[in-house]
Amino acid sequence: MKSSSINEKYHSLYRWSIQDPINFWSEQAGHFIKWMRPWTDVLKKDDNKTHAKWFVGAKLNVSSNCLDRHLIKKGDKTAIIWEGDDPNDRKQMTYNELYIEVCKFSNVLKSLNVNKGDRVCIYMPNIIETAVAMLACARLGAIHSVIFGGFSSNALKDRINDTQCKVVVSANEGKRGGKNIPIKGIMDDALQECPSIEKVVVVKHTESDANMHTGRDIWYHEVMKPASDMCAPEAVDSNDPLFILYTSGSTGKPKGILHSSAGYLLHCSLTFKHVFDYKEDEVFWCTADLAWITGHSYVLYGPLSMGATIVLYEGVPTYPTASRYWEVIDRYKVNTLYTAPTILRTLVGMGDSYLNDSTRESLRLLGSVGEPIDAETWDWYFSKVGNQKCPILDTWWQTETGGIMLSQMLQTITKKCGDNVKPMFGIVPDLVDDSEVLTNEDTGNLVIKEPWPGQMLTIYNDEKRFQDTYFTNSKNGGFYIPGDRASYNEKRTLRITGRADDTLNVAGHLIGATEVEAALIKHEAVAEAAVVGYPHPVKGQGIYAYVALINKYQPDEKMINELLNLVKTEISGIAKPDVLHWTPELPKTRSGKVMRRILRKISNNEFDDVGDTSTLVNPSIVELLVNSRTQYGG
Ligand code: PRX
């Protein structure tokens, strides 16, 4: 079977991808990517299947796939429509203009001695220059590491030191919800302990001045002016890294997920085209910040490689009012909106009246990503936002998977929340039990049985953690373990129900329970702390922290503020606990293990069924926790 037709029915393409993956991927790679040199092997697997190399021997350049190849036919087409936090701040860039900007910035990076394989940190607001910096790195074969502009200086410092970046691209300030965010100041704090950084390029995004460090900091607008707009794209190996992106795990520090160039680009281009069925002249709006994987794959690389017009929005959904998204959709005639349930739940909570002044007539398709979407939110999205005419695609994937893995497909979709989710081409999902053995039960831990092109290469600097975290042991075939629970419905299609580990999904962002605990116990008053998730009406999951203070300290207002601020400065505002539950000690087994199962039950208000407490050193602590009142939040 041979076909490159995008309109081919999902089922026959899927069957082809499973039965004859080599020819399937060879055909897709030829269709979706412009190569500089062909491959010798489509796929080479290592013995235990944890490393798969795709399109071995081939060369390409990701930035030229996103820009240069569109110039002849689509040079004047709008590539990016940017809308600032302030509704009066707007800017658009055609493919020609973006190409020139990227070439110029590539030359700037070159002049700063950035070469192929070097790491560049991008710590920016959600603005066009962020996309330019990412594409310029890709043009040189340098590896970008984009850090969310809301992360604290400590979080930034740890990430820069892990990757040993040479250069940071940043801005004087960001803007969110009408407030200016002192990005440069936060970065300056971080850089005091980042010896690898040689230069900082600063975008002047707001009127405010910045404290420029002589010899280190340079203004973007000043270095861009004389830069040449000619920069030949570097020929990069298929399996050379394109970027590192940090995500939280259930234990230890965040993981630097390393992605390839060719396989990653193919996965996000193909899924962008097939899942969202992008049509020429449509406007696609993925509301994610460029600093998250959704921003990398479906704001930038997937859409631009397909020559799409995207919306890039700097601000929040509720500023100046909760009508903002709907105004943006009408203003730019957005055809596809791809957003997260937590945003929708926030907007549901603000009331339907905010929809009144917009029609959202241009919408054809709606997408959801980042966390399970509940039926109530789905109904509102379908009936109110989409006027009952737009299908909703619930897409499941992860930073590690590079692009969409499971989704409803337009050709098979039904108008029901969570129904008929299909695996993407080449994706073979299954369920295992807690001992990692394939199970016939309807519920279990999700595994992906075969490698796919968008799969992460490894964890940067930590191959062992990569092997330990993501794969079943080789006896079971080295299946990839995403760390999610899933169940089959009556039609035998999968539904993702939540995390299987101690990672919390808070407003669509993964936060490691141990990261928050580590921040809390840095406070001199904290003897011990344990963090679990609990159902939160807007964020999906909230952060519930059990804290034991050293005797001489009081759990008063001052202590609450100190602890919350500590988490904010150690990680970010997103990681601040919603509930602090004071306790004299944590419930522990005789071997000293904190019984999280019990803590989860209590935070979920499941007091009647806390389970067996006989192995605890001090079982009475459970009763005390059940009966004690939380002192903050809840
Ligand atoms: O638990 C799953 C949840 O988000 C996790 C991945 O988070 P991250 O790497 O930050 O990437 C988020 C954007 C792709 C998954 O392991 N998740 C993501 N999408 C869904 C979801 N859970 C349920 N339904 C989804 N559609």
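Residues numbered from 1 in each chain as written. Predicted model: local features only at pLDDT ≥ 70, side-chain atom pairs only at ≥ 80, totals over all residues. Heavy atoms only, no water.

This part is about the overall build of the chain. Secondary structure summary: the chain contains 19 helices and 32 strands in total. Taking 26 Å as the expected radius of gyration for a compact globule of 634 residues, we find that the chain reaches 24 Å, a close match to that expectation. Overall size of the chain, expressed as C-alpha extent along the three principal axes, is 75 × 60 × 55 Å. Relative to its full complement of 634 residues, the chain shows a buried share of 61%. Here the analysis covers contacts within the chain between residues at least 6 apart in sequence; of these, 70% occur between residues at least 24 apart. Here the chain displays about 24700 Å² of accessible surface, and carbon together with sulfur accounts for 49% of that area. Across the chain, the mean location of the 70 positive side-chain charges is 3 Å away from that of the 78 negative side-chain charges. (Helix = DSSP H or I, 4+ residues; strand = E, 2+ residues; numbered from the N terminus. Rg over C-alpha atoms; globule rule 2.2 N^0.38 Å. Buried < 20%, exposed > 50% of the residue type's maximum accessible area, 1.4 Å probe, protein only. Contact = heavy atoms within 4.5 Å. Areas by Shrake-Rupley, 256 points an atom, 1.4 Å probe, with all protein chains shown as cover. Lys, Arg positive; Asp, Glu negative; His and termini not counted. Charge placed at Lys NZ, Arg CZ, Asp CG, Glu CD.)

What follows deals with helix H12 (residues 324-332). For H12, the complete set of buried residues consists of Arg324, Tyr325, Trp326, Val328, Ile329 and Tyr332. Of the residues trailing H12, Lys333 is marked for its positive phi of about 50°.

This next bit is on unusual backbone geometry. With an omega of -10°, the peptide bond running from Tyr319 to Pro320 counts as cis. Examined against the element boundaries, Pro320 turns out to sit in the loop between strand S17 (309-313) and H12. Of note, the phi angle at Lys333 is positive, near 50°, even though the residue is not glycine. Turning to its location among the elements, Lys333 is positioned in the loop between H12 and strand S18 (336-339).

Moving on, we get to the pairing of S17. S17 sits mainly inside the fold: five of its five residues count as buried. Neither face of S17 is exposed, since Thr309, Val311 and Tyr313 on one face and Ile310 and Leu312 on the opposite face are all buried. The pairing of strand S4 (residues 78-83) with S17 spans four bridges and is parallel. Across the sheet, Ile80 pairs through a bridge with Ile310, a residue of S17. Pairing between strand S16 (residues 283-286) and S17: three bridges, direction parallel. Within S17, the residue paired with Val283 across the bridge is Thr309. Read as a crossover between parallel neighbours, the route from S16 over helix H11 (residues 293-305) to S17 is right-handed. (Pairing = 2+ DSSP bridges. Right-handed = clockwise from strand over helix to strand, strands pointing away.)

Another aspect to go through is the nonpolar core. Generally speaking, nonpolar side chains in soluble globular proteins are found buried as a group. Formed by 168 residues in total, the largest nonpolar core has its most connected members in Phe55, Leu98, Phe105, Phe276, Tyr298 and Tyr301. Looking at this core, the element that brings in the most residues is helix H6 (residues 128-140), giving 10 residues. Viewed by domain, this core spans two of them, domain 1 (436-499) and domain 2 (505-633), each represented by three or more residues. The next biggest cluster of nonpolar side chains, apart from the first, holds 28 residues, and it includes Ile81, Leu337, Trp380 and Phe382. (Core = buried A, V, L, I, M, F, W, Y, C linked by side-chain atoms within 4.5 Å. Domains from an automatic or database assignment.)

All right, on to the packing of aromatic side chains then. Summed over the entire model, instances satisfying the criterion amount to 38 aromatic pairs. Here Tyr298 and Tyr338 contribute two aromatic rings whose centre-to-centre distance is 5.9 Å and whose plane-to-plane angle is 80°, an arrangement assigned as edge-to-face. Of this pair, Tyr298 sits in helix H11 while Tyr338 sits in strand S18, placing them 40 residues apart in sequence. Neither Tyr298 nor Tyr338 differs from the other in exposure class; each is buried. (Phe/Tyr/Trp six-rings, centres within 6.5 Å; stacked < 30°, edge-to-face > 60°.)

On to the sheet that holds strand S23 (residues 429-432), then. Paired through their backbone hydrogen bonds, the strands of a sheet run either parallel or antiparallel. Read across the sheet, four strands follow the order S23-S24-S26-S27 without closing on themselves; strand pairing throughout is antiparallel. The sheet is open, and its two edges are formed by S23 and strand S27 (494-499), each paired on a single side. Across the sheet, the mean angle from the axis of one strand to that of its neighbour is 50°, orientation sign disregarded. (Axes fitted to C-alpha atoms, helices over the stretch in contact; angles between N-to-C directions.)

Before going further, it helps to spend a moment on the environment of Ile22. For Ile22, the position within the fold is in helix H2 (residues 21-32). Along the chain, Ile22 and Leu344 lie 322 residues apart, while their C-alpha atoms are 40 Å from each other. Excluding anything up to four places from it in sequence, Ile22 contacts Val42 and Leu43.

Lining the immediate surroundings of the ligand are 17 residues, of which Asp394, Thr395, Thr399, Asp484 and Arg499 lie closest. Take Gln398: an N or O atom from its side chain is 2.9 Å from an oxygen atom of the ligand. Out of a free accessible area of 540 Å², the ligand has 95% covered by protein chains. Among the secondary structure elements, those contributing two or more residues to the shell around the ligand are H11, strand S20 (392-395) and S27. Grouping the amino acids of the shell around the ligand by side-chain chemistry returns seven nonpolar, six polar and four charged. (Near = heavy atom within 4 Å. Polar contact = N/O pair within 3.5 Å; in protein donor to acceptor, adjacent residues only side chain to side chain. Nonpolar A, V, L, I, M, F, W, Y, C, P; charged D, E, K, R; others polar.)

This part covers the domain arrangement of the chain. Parsing the chain into structural domains produces domain 1 (436-499) and domain 2 (505-633). Between the C-alpha centres of domain 1 and domain 2 there is a distance of 29 Å.

This part is about helix H7 (residues 153-163). Across the 11 residues that make up H7, a large majority, eight, are buried. Listing the buried residues of H7 in full gives Ser153, Ala155, Leu156, Lys157, Arg159, Ile160, Asp162 and Thr163. Where H7 is buried, its residues contact strand S6 (119-124), strand S7 (143-148), strand S8 (167-171), helix H8 (183-191), strand S14 (241-247) and helix H17 (557-570).

Between helix H16 (residues 513-520) and H17, the least distance of the axes is 9 Å, while the angle of their chain directions is 120°. The angle between H16 and H17 places the two elements in the oblique class. Two packed elements cross with a definite hand, and for H16 against H17 that hand is right-handed. For the pair formed by H16 and H17, the contact residues are Val516, Ala519 and Leu520 on the first element and Leu563, Leu566, Val567 and Glu570 on the second. Of the residues belonging to the contact of H16 with H17, the class tally is six nonpolar, no polar and one charged. (Parallel < 35°, antiparallel > 145°, perpendicular 65-115°, else oblique. Left-handed = near helix turned anticlockwise from the far one by under 90°.)

We now examine the sheet that holds strand S25 (residues 458-459). On the basis of which strands lie adjacent, the open sheet formed by eight strands has the order S12-S11-S8-S6-S7-S14-S15-S25 and mixed pairing. In the strand order of this sheet, the two ends are held by strand S12 (217-219) and S25, each with one partner. In this sheet, S25 lies alongside strand S15 (residues 255-260) in antiparallel orientation, the contact comprising two bridges. By the bridge assignment for S25, Ile257 is matched with Ile459. Its contacts with the sheet put H8 on S6, S8, strand S11 (199-203) and S12, and the angle it makes with S8 is roughly 155°.

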